[in-house]
There are 2 protein chains.
Amino acid sequence: MEHPHRKLRPREPSDLEDEVEATREAATKAQVFAAAERLFALHGFQNVSVRDITAEAGVNLASVNYHFGSKDGLLFEIFRRRTGELNRERARMLHEAADRDGGAPPLREILRALFEPPLRWSDPRNERRISVQFIIRARSEGTEAMREVLRSDVSHLRRFADALLTARPGLAPEDVYWRLHFCLGMTHNNRFAEFERLHVLSQGLTSETDMEALLERMLDFAEAGFVA
Amino acid sequence: MEHPHRKLRPREPSDLEDEVEATREAATKAQVFAAAERLFALHGFQNVSVRDITAEAGVNLASVNYHFGSKDGLLFEIFRRRTGELNRERARMLHEAADRDGGAPPLREILRALFEPPLRWSDPRNERRISVQFIIRARSEGTEAMREVLRSDVSHLRRFADALLTARPGLAPEDVYWRLHFCLGMTHNNRFAEFERLHVLSQGLTSETDMEALLERMLDFAEAGFVA
DNA sequence: TCGGGGGTCGAACGACCGTTTGACTGAGCA
DNA sequence: TGCTCAGTCAAACGGTCGTTCGACCCCCGA
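The structure displayed is predicted, hence computed values, not measured ones.

## Concerning the side chain of Arg108 of chain A
All names here are of chain A.
Item 1. With respect to the helices, strands and loops of the structure, Arg108 is situated in helix α5 (residues 107-121).
Item 2. In this structure the side chain of Arg108 is engaged in a polar contact, spanning 2.9 Å, whose partner is the side chain of Asp220.
Item 3. Ignoring any residue separated from it by four or fewer positions in sequence, one finds Arg108 in contact with Glu216, Leu219, Asp220 and Glu223.

## So, unusual backbone geometry
Residues and elements named next belong to chain A.
Item 1. Unlike most non-glycine residues, Gln203 shows phi in positive territory, near 55 degrees.
Item 2. With respect to the secondary-structure elements, Gln203 resides in the loop between α10 (192-201) and α11 (211-227).
Item 3. Using a relative accessible area of 64% as the deciding quantity, one classes Gln203 as exposed.

## What about the relation of the copies chain B and chain A?
Item 1. Structural alignment of chain B on chain A gives an RMSD of 0.0 Å, achieved by rotating through 180 degrees and translating 0.0 Å along the axis. When the rotation and shift are considered jointly, the pair of chain copies conforms to a two-fold rotation axis.
Item 2. A symmetric contact is evident, with 100% of the interface residues of chain B recurring at the interface of chain A.

## Observations regarding the interface of chain B and chain A
Item 1. Each partner contributes residues to the interface: chain B has 53 residues there, and chain A has 54 residues.
Item 2. Taken together, the two surfaces of chain B and chain A that pack against each other cover about 5,200 Å², and 60% of this comes from carbon and sulfur.
Item 3. Together, Trp178, Arg197 and Phe221 of chain B form the three largest contributors to the area buried by chain B at its contact with chain A, with a combined 16%.
Item 4. For the interface between chain B and chain A, the tally reads eight salt bridges.
Item 5. Residue Arg217 of chain A pairs with Asp175 of chain B through a salt bridge whose shortest N-O separation is 2.3 Å.
Item 6. If you look at where chain B meets chain A, you find 22 residue pairs in polar contact (both at pLDDT 80 or more).

## Notes on helix α7 (residues 144-152) of chain A
Item 1. Along α7 of chain A, the positions that sit buried rather than exposed are Met146, Arg147 and Leu150 of chain A. The arc that holds every buried residue of α7 of chain A, seen down its axis, measures 95 degrees, which confines them to one face.
Item 2. Elements that come into contact with the buried residues of α7 of chain A comprise α4 (71-100) and α6 (129-141) of chain A together with α6 (129-141) and α10 (192-201) of chain B.

## Digging into the packing of α5 of chain A against helix α8 (residues 155-167) of chain A
Residues and elements named next belong to chain A.
Item 1. Here α5 crosses α8 at 165 degrees, and the two axes come no closer than 9 Å. Comparing their axes, α8 and α5 come out roughly antiparallel. Seen from above, α5 lies across α8 with left-handed handedness. Listed contacts from α8 to Leu107, Ile110, Leu111, Ala113 and Leu114 of α5 are Phe160, Ala163, Leu164 and Ala167.

## Examining the environment of Asn126 of chain A
Residues and elements named next belong to chain A.
Item 1. By the secondary structure assignment, Asn126 is in the loop between α5 and α6.
Item 2. What makes Asn126 partly exposed here is its relative accessible area of 23%.
Item 3. Ignoring sequence-local partners within four residues, the contact set of Asn126 consists of Arg120 and Trp121.
Item 4. Here the side chain of Asn126 touches Arg128 through a polar contact of 2.8 Å, landing on its backbone nitrogen.

## Here's the deal with the packing of aromatic side chains
Item 1. One pass over the full model with this rule turns up 13 aromatic pairs over all chains.
Item 2. Between Phe40 of chain A and Phe134 of chain A the ring centres are 6.5 Å apart and the planes differ by 25 degrees, which places this aromatic pair in the stacked class. Here Phe134 of chain A lies in helix α6 and Phe40 of chain A lies in helix α1 (residues 27-43), a separation of 94 residues in the sequence. Residues Phe40 of chain A and Phe134 of chain A agree in their burial class; the two are buried.
Item 3. Between the aromatic rings of Trp178 of chain A and Phe195 of chain B, the centroid separation amounts to 6.0 Å while the plane-to-plane angle is 75 degrees, which identifies the pairing as edge-to-face. Here Trp178 of chain A, found in helix α9 (residues 173-188), pairs with Phe195 of chain B, found in helix α10, and the two come from separate chains. Here Trp178 of chain A matches Phe195 of chain B in class, with each residue buried.
Item 4. An aromatic cluster is present here, built from Trp178, Phe182, Phe195, Phe221 and Phe226 of chain A together with Trp178, Phe182, Phe195, Phe221 and Phe226 of chain B joined pairwise through their rings.
Item 5. The ring of Trp121 of chain A carries the charged tip of Arg128 of chain A above its face, separated from the ring centre by 4.8 Å.

## Topic: the pattern of salt bridges
Item 1. This structure, assessed with the given rule, holds 52 salt bridges over all chains.
Item 2. A salt bridge links Glu223 of chain A to Arg108 of chain A; the nearest nitrogen and oxygen atoms lie 2.5 Å apart. Of this pair, Glu223 of chain A sits in helix α11 while Arg108 of chain A sits in helix α5, and the two are 115 residues apart along the sequence.
Item 3. Note on Glu223 of chain A: relative accessible area 23%, which makes it partly exposed.
Item 4. Judged by relative accessible area, which is 18%, Arg108 of chain A ranks as buried.
Item 5. Linking Arg191 of chain B and Glu194 of chain B is a salt bridge whose minimum nitrogen-to-oxygen distance equals 3.3 Å. We note that Arg191 of chain B, like Glu194 of chain B, is buried.

## Side note on α10 of chain B
Every α-helical turn comprises 3.6 residues, leaving residues that sit three or four positions apart pointing alike.
Item 1. Of the positions making up α10 of chain B, those classed as buried are Glu194, Phe195, Arg197, Leu198 and Leu201 of chain B. The buried residues of α10 of chain B occupy an angular sector of 160 degrees when the element is viewed end-on, so they sit on one face.
Item 2. Tucked into the core, α10 of chain B has its buried residues touching α6, α7, α8 and α9 of chain A together with α11 (211-227) of chain B.
Item 3. Directly beyond the C-terminal end of α10 of chain B, a positive phi value near 55 degrees is found at Gln203 of chain B.

Rules behind the numbers
- Residues numbered from 1 in each chain as written.
- Chains lettered and ligands numbered in written order.
- Predicted model: local features only at pLDDT ≥ 70, side-chain atom pairs only at ≥ 80, totals over all residues.
- Heavy atoms only, no water.
- Helix = DSSP H or I, 4+ residues; strand = E, 2+ residues; numbered from the N terminus.
- Polar contact = N/O pair within 3.5 Å; in protein donor to acceptor, adjacent residues only side chain to side chain.
- Contact = heavy atoms within 4.5 Å.
- Buried < 20%, exposed > 50% of the residue type's maximum accessible area, 1.4 Å probe, protein only.
- Least-squares fit on C-alpha atoms with pLDDT ≥ 70 in both.
- Buried area = accessible area lost by both parts, 1.4 Å probe.
- Salt bridge = Lys/Arg side-chain N within 4 Å of Asp/Glu carboxyl O.
- Arc of directions from axis to C-beta.
- Axes fitted to C-alpha atoms, helices over the stretch in contact; angles between N-to-C directions.
- Parallel < 35°, antiparallel > 145°, perpendicular 65-115°, else oblique.
- Left-handed = near helix turned anticlockwise from the far one by under 90°.
- Phe/Tyr/Trp six-rings, centres within 6.5 Å; stacked < 30°, edge-to-face > 60°.
- Lys NZ or Arg CZ within 6 Å of the ring centre and 35° of its normal.

What follows is the structure, given as structure tokens:
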């Protein structure tokens, strides 16, 4: 048939060859994906029309519905892939830290595994810089269905919560959970607009380009908050 | 004339009698205001149509454009009033703390002035509960014009930055600014959805109803982070 | 060489949106 | 009593949106 997103879509790449399939044939799909991610991150989901996306990508208007089923489907697929990548990188760092320290990594290393991946992506020289902004935006502007997934799927946070509970055995579990919540709030606030706002407030003292310095600042703050 | 938002609107209440004018005559305006704030807070700006608002308020469709000029104008007016109230309450608390301590309030009292107002509003028994959610949402989903104001107007944060710089003289100013940024991130993350998410993760251990306990938790965390 | 189907294209559909219009209402005042 | 005008109302306008349709192209296997 023609439209892969109608009735049991034949030969669905199914999340695995997505990265490879951008060879030549489905270049259109990759271009739509990239353009949509960029525009969604910069202007928000509702403020970007399908026509904006296809114009930016230089493809036909019908491409979005052909390759992704719908505009919602496009948003969801970008979100699923990016959060998957981010969570995998975080889990890998946490796992490596656990290997280094016999299964019970110290507090700072747990927090580093939580903070570093999105910050490394946010480096101005990193092409994934826009992906972080997309994720942050999508978290609050996403579809209702997306927010349902977001609310119920906390599996990737389980490892971090457990590691923190182990690292701070003297702390009441609810305190650990709340402080993890605070740390997540710290990262979710790292949007372009907030950086600019801080830049204005500090009269140019703060710079949003040095992500390594920002990482250490966040670690200092959060680690002290957890030890309290 | 008929439409107050066309050409130099006659007898504009001008931000002062807004609270009083809800006597009888302009009950429609107040109902639109309340319905819009609630719907915007719950579903977002773009997901709520003017028809949704007027239906919820039980008034005519044209009321929004008559009383507020446009849908954007309505959003902006709600945002301006609510943020004004919040900033005034924060400034008042900071001022009182300064009076108590001879002009240089201790770190924890500064942070309390920053955290407490929105948390007190968030109390389930407080009718302003929805206003906090509205503010947080509007901060990231607002109009471009609104975001421009948001980025350039940092006057209400100046007092807090200065107070923090005074309270932590040994700290590099840029560290103070960054840590203030972290604290703001902590408050901005206090959305309903995030509370539910944490509730799921902690398997019911955390409760979003006890705002006083949450305030102390946030103060413990942030104060320790600032002392580090 | 021929047929089929994945992919692309222009064009249009139908729904919903924010906004505007002009008539109407009723209270306040001379 | 008659005029004025802020406010309300039903109805419609013009535009944009996501989506769908049917024709078309071209590569690939038989």
